[in-house]
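Structural characterization, general
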Amino acid sequence: MNRNITDGINLLSKLNNRRIWNFVKLYASYYYSKTTKKPVIWGNPTSIEIEPTTSCNLRCPQCPSGLREFTRDTGMLGIDLFKKVIDELEHDLVWLILYFQGEPFLNKSFLDFVRYASSKNIYTATSSNAHYFTDDLAKETVLSGLDRLIISIDGTTQDTYGKYRIGGKIDKVIDGTSKLLYWKKKLGKTTPHIIWQFIAFKHNEHQIPEIKRLAKEIGVDELGIKTAQIYDYQTSDAFIPENNDLSRYEKQPDGSYKIKNKLLNQCWRMWRGSVITWDGLVVPCCFDKDATHRFGNTSTESFSSVWRNEAYQRFRSAILKSRKEIDICTNCTEGTKVWS
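Scope of this entry: the structure provided in the associated data block. (Residues numbered from 1 in each chain as written. Predicted model: local features only at pLDDT ≥ 70, side-chain atom pairs only at ≥ 80, totals over all residues. Heavy atoms only, no water.)

This next bit is on the environment of Y182. Relative to the helices and strands, Y182 is located in helix 8 (residues 170-187). Judged by its relative accessible area of 44%, Y182 is partly exposed. Taking the C-alpha atoms as reference points, Y182 and D112, separated by 70 residues in sequence, lie 22 Å from one another. (Helix = DSSP H or I, 4+ residues; strand = E, 2+ residues; numbered from the N terminus. Buried < 20%, exposed > 50% of the residue type's maximum accessible area, 1.4 Å probe, protein only.)

Attention now goes to the nonpolar core. Judged by nonpolar contacts, the single largest core of 89 residues is most densely connected at I50, F82, L96 and W196. By residue number, the principal contributor to this core is helix 5 (residues 110-119), which donates six residues. Ignoring any residue separated from it by four or fewer positions in sequence, one finds L96 in contact with I48, I50, F82, I86, A117, I122, Y123, T124 and A125. (Core = buried A, V, L, I, M, F, W, Y, C linked by side-chain atoms within 4.5 Å. Contact = heavy atoms within 4.5 Å.)

Following T191, the chain continues into P192 via a peptide bond in cis, with omega recorded as 0°. Phi is positive for A291, close to 55°, though the residue is something other than glycine. Tracing the chain through its elements places A291 in the loop between strand 10 (281-283) and strand 11 (296-297).

With that settled, the discussion passes to the layout of surface pockets. Approximately 380 Å³ is the volume attributed to the second largest pocket. Counted by class, the lining of the second largest pocket contains nine nonpolar, six polar and five charged residues. (1 Å grid on protein atoms, 1.4 Å probe; cavity = no way out; pocket = protein on both sides within 12 Å on 5 of 7 lines; lining within 4 Å. Points joined across faces, edges and corners; volume = space filled by probe spheres on them. Nonpolar A, V, L, I, M, F, W, Y, C, P; charged D, E, K, R; others polar.)

All right, on to the side chain of H203 then. Relative to the helices and strands, H203 resides in the loop between strand 5 (193-200) and helix 9 (208-218). Those residues in contact with H203 that sit more than four places away from it in its chain are T160, K163, Y164 and F239.

Let us look at the pattern of salt bridges. Under the counting rule described, the total for this entry stands at 17 salt bridges. A salt bridge links D221 to R3; the nearest nitrogen and oxygen atoms lie 3.6 Å apart. Pair noted here: D221 is in the loop between helix 9 and strand 6 (222-227) and R3 is in helix 1 (residues 3-12), with a separation of 218 residues, a long-range link. Residue D112 is joined to R115 by a salt bridge in which the shortest nitrogen-to-oxygen separation is 2.9 Å. (Salt bridge = Lys/Arg side-chain N within 4 Å of Asp/Glu carboxyl O.)

This next bit is on helix 6 (residues 135-144). Of all the residues in helix 6, the buried ones are A138, T141, V142 and S144. Within helix 6, the buried residues cover an arc of 160° as seen down the axis, which keeps them to one side. Buried residues in helix 6 make contact with helix 5 and helix 8. Positive backbone phi, at 100°, marks G145, one or two positions downstream of helix 6. (Arc of directions from axis to C-beta.)

Our focus in this paragraph is empty space enclosed by the protein. Counted according to the given criterion, the structure contains two cavities of 30 Å³ or more. Around the largest cavity, the lining residues are S47, E49, R269, R272, G273, S274, V275, P284 and C285. At the level of secondary structure, the elements contributing two or more residues to the lining of the largest cavity comprise strand 1 (47-50), helix 10 (269-272) and strand 9 (273-276). Counting residues per element, the lining of the largest cavity draws most heavily on strand 9, which supplies three residues. A class-by-class count of the residues in the lining of the largest cavity yields three nonpolar, three polar and three charged. Computed from the structure, the second largest cavity encloses a volume of approximately 60 Å³. Taken together, C267, R269, M270, C285, F287, F315, I319, R323, I328, C329 and C332 form the lining of the second largest cavity.

Following both chains from N to C, one finds helix 5 and helix 6 inclined at 20°, their axes separated by 9 Å at the closest point. Between helix 5 and helix 6, the crossing angle belongs to the class labelled roughly parallel. When you trace helix 5 past helix 6, the crossing you get is left-handed. Residue-level inspection shows L111, V114, R115 and S118 of helix 5 in contact with helix 6, the latter providing L137, E140, T141 and S144. Residues of the contact of helix 5 with helix 6, tallied by class, amount to three nonpolar, three polar and two charged. (Axes fitted to C-alpha atoms, helices over the stretch in contact; angles between N-to-C directions. Parallel < 35°, antiparallel > 145°, perpendicular 65-115°, else oblique. Left-handed = near helix turned anticlockwise from the far one by under 90°.)

Before going further, it helps to spend a moment on a nonpolar patch on the surface. On the surface, L12, L15, I20, W21, F23, V24, Y27 and Y31 cluster together into a nonpolar patch covering about 810 Å² of accessible area. Among the elements that make up the nonpolar patch, the one with the highest residue count is helix 2 (residues 17-36) (six residues). Counting through the fold element by element, I20 comes out in helix 2. For I20, a relative accessible area of 42% puts it in the partly exposed group. (Patch = residues over 30% accessible without salt bridge, like charges linked within 9 Å, V, L, I, M, F, W, Y side chains within 5 Å. Areas by Shrake-Rupley, 256 points an atom, 1.4 Å probe, with all protein chains shown as cover.)

A word on the packing of aromatic side chains. For the structure on display, the rule yields 19 aromatic pairs. Both rings, one in F82 and one in F113, keep their centres 4.8 Å apart while their planes meet at 35°; by these two values the pair is tilted. Taken together, the positions of F82 in helix 4 (residues 79-89) and F113 in helix 5 put the pair 31 residues apart, joining distant regions of the chain. With respect to class, F82 is no different from F113; both count as buried. Summarising the aromatic geometry, the rings of F295 and Y312 are spaced 4.1 Å apart at their centres and angled 25° between planes, so their arrangement reads as stacked. One end of the pair, F295, is in the loop between strand 10 and strand 11; the other, Y312, is in helix 12 (residues 310-322), and 17 residues separate them in sequence. Among the aromatic residues, ring-to-ring pairing joins F23, Y27, Y30, W268 and W271 into one connected group. Its guanidinium or amino end placed over the ring of W271, R316 lies 5.9 Å from that ring's centre, counting from NZ or CZ. (Phe/Tyr/Trp six-rings, centres within 6.5 Å; stacked < 30°, edge-to-face > 60°. Lys NZ or Arg CZ within 6 Å of the ring centre and 35° of its normal.)

Okay, here's the thing in structure tokens:
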């Protein structure tokens, strides 16, 4: 069976009548809010991102974790806070992304997070640079119940890979991936669904044909070619690809760049779920890397009290009225393209 279909069936297996009805309520309230320009919420989050850690072993130049430039505290998510959030949301939650900033596997409790969420029949996903997969960790990851694992691999040679993944070793990425695939086959498991993610930059766009070949040779379940978010795109094109189809930004006649996204006054993310930092802060989405828009803190209050509070509703209202005036939205676009 096609492995993407297998992954889709696995995701559908997480649904039940309550979760489906919650999704319907959420989407209906989103559509109503778009139409009336007045934010209402009729459901609970169907998707949540929880940050295991802000720490990272690499120094990627377009990442605040890699640059060590956070204005917020750094640290590790604790199991008690994690369970508190999951216990409150488990009946309606379908999709849990165990990632925001940092390298998730640096948190020694990471697989405990996965196991606990999996015991609640929640689809679990994460993103990793795959530098820590010993044989034992690869086996335990496969056994943990993790449903999806995105592995960053932005080159097919060390020279190209290392230009962005500073401090990283491509041999470790390939070896870690191979170990995971070995244990999936050995244990007869269909999860985690392993995706190689190749972020397209000016220095690696020429290697797309080669990464396709390598992904097929290694046997990953899926290859994603993703456009890059560039913080200084208005002043530097050092990372922006020459191929316009691989860029979130469009070159102007004067040589400057502008984002392709039209920034419509709407955002489904503000209705489907939230991001929770390692220390419990509730923020709108993954574009708020420094947690500048804080709606509450799950370490001291319930998530439900935050989900509909005045600060959150005020932010949703601003999205509906003039999204271009919100700082974190000005460089926002989903921007993922996938070739099979």
